[in-house]
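Residue-level listing of the chains:
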Amino acid sequence: MIVFNNVSKVYPNGTKGLQNINLTINDGEFVAIIGLSGAGKSTLLRSINRLIPITEGDISIDGTSVTKASKKELRTIRRNIGLISQTFNLVKRSTVQKNVLSGRLGYYSTFRSIFGLFTKEDYDKTKQALASVGLLDKLRSRSDELSGGQQQRVSIARALVQQADTILADEPVASLDPITSQKVMQDLKKINKTMNKTIVVNIHSVQLAREFADRIIALKKGEVVFDDSSVNLTDER
Ligand code: ADP
Ligand code: ADP
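Reading guide: rules and limits
- Residues numbered from 1 in each chain as written.
- Chains lettered and ligands numbered in written order.
- Predicted model: local features only at pLDDT ≥ 70, side-chain atom pairs only at ≥ 80, totals over all residues.
- Heavy atoms only, no water.
- Pairing = 2+ DSSP bridges.
- Helix = DSSP H or I, 4+ residues; strand = E, 2+ residues; numbered from the N terminus.
- Contact = heavy atoms within 4.5 Å.
- Axes fitted to C-alpha atoms, helices over the stretch in contact; angles between N-to-C directions.
- Buried < 20%, exposed > 50% of the residue type's maximum accessible area, 1.4 Å probe, protein only.
- Salt bridge = Lys/Arg side-chain N within 4 Å of Asp/Glu carboxyl O.
- Polar contact = N/O pair within 3.5 Å; in protein donor to acceptor, adjacent residues only side chain to side chain.
- Core = buried A, V, L, I, M, F, W, Y, C linked by side-chain atoms within 4.5 Å.

By the naming in an unreviewed UniProt entry, the protein chain goes by Phosphonate ABC transporter ATP-binding protein and is assigned to Ornithinibacillus hominis.

Here you go:
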């Protein structure tokens, strides 16, 4: 459970990123954050794992304060949160397998990560994750030989092998065409339903948010202007 308690973010230059946000995201929810460019979607998403530090209030996950966490506690928190971004962040010249395997480093302790040693289990988990996004046949392909949609699905697989309970997706379909966007959203939905992962996704398209998310949070100038089941979102706003 992710809880925002009176959260505000003021950037050093005075820009208000978030204003007095109160919300609770329950385990297993599929939440879409919508809003115009500059509304605060990215700030909200990235404050969950403290990639962006907030300036007021508190964010907690399962009762542990992210805001007050020590560096060590923050590492533990981040290990349990997978991240997917608009630009995929794959190592382009590397194979699909290597890219997904790198997600396992997020699962282990730092000590283990330094050595980058992989076990049979790591390779098995990698194959499982690729199968679940329909890309097992691309295991040995170079990442930059894949289409945009396929690359995004590789990044989803990488988040899966981390075995995090929560996945944050910052504009995961912003650079994809409509049909590919649908497919990527379907994959996220499948992961949400079959693996019971909490998914929070920033998305520009209201249609996609409505179609795939259970709940929609709309932001305007850093404030929540709508927070309800996606079926209750009207068009007037
Ligand atoms: P587009 O066709 O470019 O997606 P829309 O008119 O559908 O434009 O939406 C423009 C922006 O306004 C979107 O980023 C969306 O998140 C936001 N928006 C649209 N409808 C709502 C609504 N009911 N509540 C809050 N924000 C909305
Ligand atoms: P969105 O993801 O909805 O496009 P953002 O969260 O990126 O919105 O931005 C929210 C507001 O904070 C915007 O006014 C934006 O210009 C501002 N902002 C974002 N990042 C910074 C930054 N590093 N420094 C100053 N202002 C920023």
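Moving on, we get to the sheet that holds strand 2 (residues 16-25). The four strands are arranged 2-1-4-5 in an open sheet whose pairing can be described as antiparallel. Edge positions in the open sheet fall to strand 2 and strand 5 (64-65), since each of these has one partner strand only. Where strand 1 (residues 2-10) and strand 2 come together, six bridges link them in antiparallel fashion. Following the sheet pairing, valine 10 is matched in strand 2 by lysine 16. Across the face of the sheet, helix 1 (residues 41-48) comes into contact with strand 1, strand 2 and strand 4 (56-61) while running at roughly 55° to strand 2.

Residue position: glycine 63 is located in the loop between strand 4 and strand 5. On the basis of relative accessible area, glycine 63 is assigned to the exposed category, the value being 73%.

On to the pattern of salt bridges. Evaluated as defined, the whole model comprises 11 salt bridges. We note a salt bridge from aspartate 170 to arginine 46, for which the minimum N-O separation is 2.8 Å. Here aspartate 170, found in strand 7 (residues 166-170), pairs with arginine 46, found in helix 1; they are 124 residues apart in sequence, far enough to count as distant. Residue aspartate 227 pairs with arginine 215 through a salt bridge whose shortest N-O separation is 2.8 Å. Note that aspartate 227 is positioned in strand 10 (residues 223-229) and arginine 215 in strand 9 (residues 215-220), a separation of 12 residues in sequence. Look at aspartate 227 and you get partly exposed, because its relative accessible area is 33%. Among the charged side chains, a salt-bridge network with shared partners connects Glu29, Arg215 and Asp227.

Its place among the elements puts serine 230 in the segment after strand 10. In this structure the side chain of serine 230 is engaged in a polar contact, spanning 2.6 Å, whose partner is the backbone oxygen of alanine 213. Ignoring sequence-local partners within four residues, the contact set of serine 230 consists of Ala209, Arg210, Ala213, Asp214, Arg215 and Ile216.

Phe30, Ile156, Met185 and Ile203 are the most contacted members of the largest nonpolar core, which totals 39 residues. Filtering out sequence-adjacent residues up to four positions away, phenylalanine 30 remains in contact with Met185, Leu188, Lys189, Asn192, Ile199, Val201, Phe212, Ala213, Asp214 and Arg215. Within the second largest apolar cluster, 25 residues are counted, among which are Leu18, Val31, Ile33 and Leu74.

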